Amino acid sequence: MDLRIFTEPQQGASYETLLTVAKATEELGFDAFFRSDHYLKMGSADGLPGPTDAWITLAGLARETKRIRLGTLMTAGTFRLPGVLAIQVAQVDQMSGGRIELGLGAGWFEEEHKAYGIPFPKEKFARLEEQLAIVTGLWATETGRTFSYDGTYYQLTDSPALPKPAQSKVPILIGGHGAKRTPRLTARYADEFNLPFASIEDTEAQFGRVRAAAEAVGRPADDLVYSNALIVCVGKDDAEVARRAASIGREVAELKVNGLAGSPDEVVDKIGRYGAVGSSRIYLQMMDLDDLDHLELISSQVQSQLG
């Protein structure tokens, strides 16, 4: 089971804070550092000092880390034109020496679009499908040839399809709870399917839909990585779990139902139950980015038990 650290900087984090967490992620042996792609805080958080751009952040971290994978859960398709996104991700992949992964979603948070003057189209999912076709098509185009695309929402004519990523194939992540279109897009374009904030029962059902969609297009279901994103709140004892829950404005009982919370042994046991329904990778949503002791505890007492 791979453990990856997943952050939500729109809730309040500077680049320096993210750099500190990313370096700790690497030093403590985690597999990857991922971040959300949002420009506006959610809930009661103050969001200070303000939003940081996902791909600018990852470009900086690409030069400041050496081993960990870096990526997004999920880049909002509404934020970037697909041709520009393909250039950005390829460049950051080069800057990292080939450690980038692209999670790409349709975009959903209308308020942040209004706050920063970003168009929020109704046909987001259909646009996402064209974006995936364009980004993957640009990267797959042989050097020296051109790429053209005539879609409903995007048109590219004789693109040189440059630059290329350092990796021969940047892993693409698609995720979500949709029962039909999401599995279909995953089967066609993704290397990994991620299900955020779902129960074990819902995870098993959605993984089954994705596996069936892959097999329907002639792709082995096991060709995909299946993963979950879950909030994490671990403590050496009940008091420490309660303190960490309070620091992020959550209740312990609720976190135990909806996330990974409790003692290291409790969390290891629940991760094992996700593993039993097919998950091989967990993105641990860390909400208090100043609590590096939390990371160390997870590394020493949770990750160490997972092998």
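As shown above, the structure is provided for reference.
Since the structure is predicted, the reported quantities are computational estimates derived from the model, not experimental observations.

*Asks:* Tell me about the pairing of strand β5 (residues 100-105), and name the residues and values.
*Replies:* Each regular strand shows side chains that alternate between the opposite faces of the sheet. Among the six residues of β5, six are classified as buried, and the element is accordingly described as predominantly covered. Covered by surrounding structure in β5 are I100, L102 and L104 together with E101, G103 and G105, the residues of both alternating faces. Of the strand pairs in this sheet, strand β4 (residues 75-76) and β5 are connected by two bridges, and their pairing is parallel. Residue pairing across strands places A76 opposite G105, the latter belonging to β5. For the crossover that starts at β4, traverses helix α3 (residues 82-96) and ends in the parallel β5, the hand is right-handed.

*Asks:* Can you tell me about empty space enclosed by the protein, naming the residues and giving the values?
*Replies:* Throughout the structure, instances matching the rule amount to two cavities of 30 Å³ or more. Quantified by volume, the largest cavity comes out at close to 70 Å³. For the lining of the largest cavity, a count of residues per class yields five nonpolar, three polar and three charged. Put simply, the second largest cavity is a space of about 30 Å³. In terms of lining residues, the second largest cavity is bounded by V21, M286, D288, L289, D291, L292 and L295. The residue inventory of the lining of the second largest cavity, partitioned by class, reads five nonpolar, no polar and two charged.

*Asks:* Any details on the pattern of salt bridges? Residues and values, ideally.
*Replies:* As enumerated under the stated definition, the model contains 23 salt bridges in all. Residue R281 pairs with E192 through a salt bridge whose shortest N-O separation is 2.6 Å. With R281 in strand β12 (residues 281-286) and E192 in strand β9 (residues 192-196), the pair connects residues that are 89 residues apart, well separated along the chain. Residue R281 is classed as buried on the basis of its relative accessible area, which comes to 12%. Exposure remark for E192: the relative accessible area of 3% places this residue in the buried category. Through salt bridges with shared partners, one network takes in K236, E240, R243, R244 and D291.

*Asks:* Could you give an account of the side chain of R99, with specific residues and numbers?
*Replies:* Within the secondary structure layout, R99 lies in the loop between α3 and β5. The side chain of R99 sits in the buried core without any salt bridge; E26 is the nearest counter-charge, 4.6 Å away. A distance of 3.0 Å separates a polar atom in the side chain of R99 from the backbone oxygen of A62. In terms of polar contacts, R99 uses its side chain to reach the backbone carbonyl oxygen of S96, at 2.8 Å.

*Asks:* Go over the side chain of N194, please, and point to the residues and values.
*Replies:* Checked against the element boundaries, N194 lands in strand β9. Side chain to side chain, N194 and S227 meet in a polar contact 2.9 Å long. If near-sequence neighbours (up to four positions away) are discounted, N194 is found in contact with L73, M74, I174, G175, G176, S227, N228, A229 and Y283.

*Asks:* Please set out the nonpolar core residue by residue, giving values where relevant.
*Replies:* In terms of nonpolar packing, the biggest core is built from 74 residues, with W55, L102, W139, L284 and I298 touching the most fellow members. The element contributing the most residues to this core is helix α5 (residues 124-140), with eight residues. Residues F6, L73, A229 and Y283 belong to the second largest nonpolar core, which totals seven residues.

*Asks:* Any chance you could break down the layout of surface pockets for me, citing the residues and the numbers?
*Replies:* Considered as a void within the structure, the largest pocket measures approximately 1200 Å³ in volume. If you go around the largest pocket, you meet 46 residues; those closest to its centre are E8, Q10, M42, F197 and Q285. Within the residue set of the lining of the largest pocket, elements represented by two or more residues are β4, β5, α4 (110-116), α5, β8 (172-175), β9, β10 (225-234) and β12. Class assignment of the residues belonging to the lining of the largest pocket gives a composition of 21 nonpolar, 19 polar and six charged.

*Asks:* How would you explain unusual backbone geometry if you had to name every residue and give the values?
*Replies:* For the bond from L48 to P49, the omega torsion is 10°, close enough to zero to count as cis. Following L162, the chain continues to P163 via a peptide bond in cis, the omega torsion being 0°. Along the polypeptide, P163 turns up in the loop between β7 (155-159) and β8. Of note in this structure, D158 is not a glycine but carries a positive phi near 50°. With respect to the secondary-structure elements, D158 resides in strand β7.

*Asks:* Explain the packing of helix α10 (residues 264-276) against helix α11 (residues 292-306) residue by residue, including any values.
*Replies:* Between α10 and α11, whose axes approach to 9 Å, the crossing angle comes to 45°. Looking at the two axes, α10 sits oblique to α11. Judged by the sense of rotation from one axis to the other, the crossing of α10 with α11 is right-handed. Residue-level inspection shows P264, D265, V267, V268 and I271 of α10 in contact with α11, the latter providing L297, Q301, V302, Q305 and L306. Taken together, the residues of the contact of α10 with α11 sort by class into seven nonpolar, two polar and one charged.

Conventions used here
Every chain is numbered on its own, with residues counted from 1 as its sequence reads. Note on the predicted model: pLDDT of at least 70 is required for a residue's local features to be given, and 80 or more for side-chain atom pairs to be given and counted; whole-chain, interface and lining totals, by contrast, use all residues. The side-chain numbers reported here are obtained from all heavy atoms of the structure, hydrogens and water having been left aside. Each residue is placed in one exposure class: buried if its accessible area under a 1.4 Å probe, protein chains only, is under 20% of its type's maximum, exposed if it is over 50%, and partly exposed if it falls in between. In this description a helix means any DSSP run of H or I spanning at least four residues, a strand means any run of E spanning at least two, and both kinds are numbered starting from the N terminus. DSSP calls a pair of strands paired once it identifies at least 2 bridges connecting them. We call a crossover right-handed when, viewed with the strands running away from us, the connection from the first strand over the helix to the second turns clockwise. Note on definitions: the grid is 1 Å and covers protein atoms alone; a cavity is a set of points where a 1.4 Å probe fits but cannot get out; a pocket is an open set with protein on both sides within 12 Å along at least five of seven lines; lining residues have an atom within 4 Å of a point. Grid points are joined across faces, edges and corners, and a volume is the space filled by probe spheres set on the points. Polar here means any residue other than Ala, Val, Leu, Ile, Met, Phe, Trp, Tyr, Cys and Pro, which are nonpolar, and Asp, Glu, Lys and Arg, which are charged; Gly is therefore polar. One side-chain nitrogen of Lys or Arg within 4 Å of one carboxyl oxygen of Asp or Glu is enough to make a salt bridge. Note that His is not counted, nor are the chain ends; the positive residues are Lys and Arg, and the negative ones are Asp and Glu. Polar contact is the term for a pair of N or O atoms within 3.5 Å; when the atoms are in protein, one must be able to donate a hydrogen and the other to accept it, and sequence-neighboring residues count only if both atoms are side-chain atoms. By definition in these notes, contact holds between two residues if any of their heavy atoms fall within 4.5 Å. Here, nonpolar core refers to any group of buried Ala, Val, Leu, Ile, Met, Phe, Trp, Tyr and Cys residues whose side-chain atoms link them within 4.5 Å. Throughout, an axis means a line fitted to C-alpha atoms (over the contacting stretch in the case of helices), and angles, computed between N-to-C directions, take values from 0 to 180 degrees. Reported orientations rely on four angle classes, namely roughly parallel under 35 degrees, roughly antiparallel over 145, roughly perpendicular from 65 to 115, and oblique for the rest. Take the far helix as the reference: if the near one is turned anticlockwise from it by less than a right angle, the crossing is left-handed, and if turned clockwise, right-handed.

Coordinates in, geometry out; function isn't part of it.
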